[in-house]
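Analysis of the macromolecular model
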Amino acid sequence: DGEEGSWWSQVTLPRWNVTAAVLCWSAGLIFCLPFWPEDVADVMQYIQIPAIILVAPEIALKAGRGLYSWPPRLDINFLMLIAGIGAVFIGELQEASTVVVLFGLSSYLEHIATSSVRKAIKSIVALKPDTATVAGTKEVIPASAVQVSMRLEVNPGAKVPVDGVVVMGSGRIDSSMLTGESKPSRVTVGDDVKAGTVNTDGFFLMEATHLASESAVAKLVKLVEMAQAQKAPTEQLVNSIAQWYTPAVVLSAALIVLGAFLFTKTVEGRNGAIKQALVLLVTACPCALLISTPVTYVCSIAAAAKNTVLMKGGQHLET
């Protein structure tokens, strides 16, 4: 029995199709080793076909979305799809499976990174209180309906619904999610309390001094959302170059193949040109830069906000 937070309990396997594709691809690599009989290696190379079939449809779907969007765009999914199809066309199953499987695995790793960002953002949004209890009537209303000067009850274990001041009673406020202060602080009559903080002990009445939209926690969520919307200079540069870079790479590869069919008479020569075009598509693909740049900024902003550090956009990470 391991601990609940042990590292292996946090491991998440890829989706079944990516897992199966990686297994098939790995088996194909093993049977390509020189110590296997040639006839065995020739037969076992076809195990790469399931690996391609398991991953290629998702890549094709993403590439199709890019082509049918307006304006149409040729993205990294389109590059990988062409490279995979071309490799199959010339009989290089190992190369085709390597391209699509590794790209599918990288897409899954990107999914993990963006999922962690979404979780961090959700934890920030969860700080916003949903309801408030009106003093006297004990009516539970949405926090957004609280008006300035309205008196509210804050019970033990409840969140402070809006920014306000204590008018009766006392309690201990846990404000670690906003300030990072781990020790709850005592509040009595006349002390200010912030929305999103938790009353860990005691009971008090408070008078709202701000609307829910004007609270510190609401501003925190808004700042995080604004920061993610703002793109850093490096990210803007990468996106602007990619609009022209990807079509230029596809055109260059097409010219290599076209030149081979026009000026080369042998099948070997044409296949060699196709292979060179595929190498160009794969090696010139800027997928690592295109994926890593926005993910890096968003992860940084969300992680900083989760630790009570606010950044007004990715551009400030470069200063």
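Residues numbered from 1 in each chain as written. Predicted model: local features only at pLDDT ≥ 70, side-chain atom pairs only at ≥ 80, totals over all residues. Heavy atoms only, no water.

Considerations on unusual backbone geometry
Notably, Lys-138 is not glycine yet its phi reads approximately 60 degrees, a positive angle. Mapping Lys-138 onto the fold places it in the loop between β1 (131-134) and β2 (140-142). Unusually for a residue other than glycine, Ser-149 sits at a positive phi of about 80 degrees. Within the secondary structure, Ser-149 is located in the loop between β2 and β3 (151-154). (Helix = DSSP H or I, 4+ residues; strand = E, 2+ residues; numbered from the N terminus.)

Focus: the confidence of the model for the chain
Per-residue pLDDT for the chain averages 78, and the proportion of residues at 70 or more is 73%. Within the chain, the lowest mean pLDDT, 62, falls on helix α10 (residues 287-306), and the highest, 94, falls on β3. Low confidence marks residues 1-11, where pLDDT is under 50. Its contacts with residues over four positions away, or in another chain, come to five contacts. (pLDDT = per-residue confidence, 0-100. Contact = heavy atoms within 4.5 Å.)

A few points about helix α3 (residues 48-68)
Taking 1.5 Å of rise per residue, 21 residues should cover 30 Å, and α3 covers 30 Å from first to last C-alpha, within 8% of that figure. For α3, the full list of buried residues reads Gln-48, Ala-51, Ile-52, Val-55, Ala-56, Ile-59, Ala-63, Gly-64 and Gly-66. (Expected span 1.5 Å × (residues − 1). Buried < 20%, exposed > 50% of the residue type's maximum accessible area, 1.4 Å probe, protein only.)

Looking at the nonpolar core
Judged by nonpolar contacts, the single largest core of 30 residues is most densely connected at Ala-51, Ile-59, Leu-79, Met-80, Val-101, Leu-278 and Leu-281. Only α1 (16-31), α3, α4 (76-89), α5 (93-125), α8 (233-263) and α9 (267-283) provide two or more residues apiece to this core. At seven residues, the largest contribution of residues to this core is made by α4. Ranked by size, the runner-up nonpolar core spans 16 residues in total, among them Ile-141, Val-154, Val-166 and Phe-204. (Core = buried A, V, L, I, M, F, W, Y, C linked by side-chain atoms within 4.5 Å.)

Description of the packing of α4 against α9
Contact geometry of α4 with α9 gives a least axis separation of 9 Å together with a crossing angle of 155 degrees. In this view, α4 runs roughly antiparallel relative to α9, as classed from their interaxial angle. The element α4 and its partner α9 pack so that their crossing is left-handed. Judged by residue contacts, Leu-79, Met-80, Ile-82, Ala-83, Gly-86, Ala-87 and Phe-89 of α4 engage Ile-274, Leu-278, Leu-281 and Val-282 from α9. Residue composition of the contact of α4 with α9, grouped by class: ten nonpolar, one polar and no charged. (Axes fitted to C-alpha atoms, helices over the stretch in contact; angles between N-to-C directions. Parallel < 35°, antiparallel > 145°, perpendicular 65-115°, else oblique. Left-handed = near helix turned anticlockwise from the far one by under 90°. Nonpolar A, V, L, I, M, F, W, Y, C, P; charged D, E, K, R; others polar.)

A closer look at a nonpolar patch on the surface
A cluster of nonpolar side chains, namely Leu-251, Leu-255, Leu-258, Leu-262 and Phe-263, defines an oily patch on the protein surface of about 580 Å² accessible area. Residue position: Leu-251 is located in helix α8. Residue Leu-251 is classed as exposed on the basis of its relative accessible area, which comes to 52%. (Patch = residues over 30% accessible without salt bridge, like charges linked within 9 Å, V, L, I, M, F, W, Y side chains within 5 Å. Areas by Shrake-Rupley, 256 points an atom, 1.4 Å probe, with all protein chains shown as cover. Salt bridge = Lys/Arg side-chain N within 4 Å of Asp/Glu carboxyl O.)

So, the packing of α3 against α4
For any two helices packed against each other, the geometry is given by the interaxial angle and the distance between the axes. Contact geometry of α3 with α4 gives a least axis separation of 8 Å together with a crossing angle of 135 degrees. With respect to each other, α3 and α4 are oriented oblique. When you trace α3 past α4, the crossing you get is left-handed. Every residue of α4 that contacts α3 at Ile-52, Ile-59, Ala-60, Lys-62, Ala-63 and Leu-67 is listed here: Asn-77, Phe-78, Met-80, Leu-81 and Val-88. Here the contact of α3 with α4 is built from residues that sort into nine nonpolar, one polar and one charged.

Regarding the side chain of Gln-94
With respect to the element layout, Gln-94 can be found in helix α5. Taking relative accessible area as the criterion, Gln-94 reaches 17% and is therefore assigned buried. In this structure the side chain of Gln-94 is engaged in a polar contact, spanning 2.8 Å, whose partner is the side chain of Gln-48. Filtering out sequence-adjacent residues up to four positions away, Gln-94 remains in contact with Trp-25, Gly-28, Leu-29, Cys-32 and Gln-48. (Polar contact = N/O pair within 3.5 Å; in protein donor to acceptor, adjacent residues only side chain to side chain.)

Considering the pattern of salt bridges
As enumerated under the stated definition, the model contains three salt bridges in all. The partner of Glu-153 in a salt bridge is Lys-138, and the shortest N-O contact between them spans 3.1 Å. Taken together, the positions of Glu-153 in strand β3 and Lys-138 in the loop between β1 and β2 put the pair 15 residues apart, joining distant regions of the chain.

Quick word on the pairing of β1
Pairing geometry for β1 and β2, over three bridges, is antiparallel. From the neighbouring strand, Thr-133 faces β2, where its bridge partner is Val-140. Hairpin connection between β1 and β2: a loop of five residues separates the two successive antiparallel strands, and Gly-136 in this loop has a positive phi of roughly 90 degrees. Inspection of the sheet shows β1 paired to β3 by two bridges, in the antiparallel sense. Residue Val-134 lies in a different strand from β3, and its bridge partner there is Leu-152. (Pairing = 2+ DSSP bridges.)

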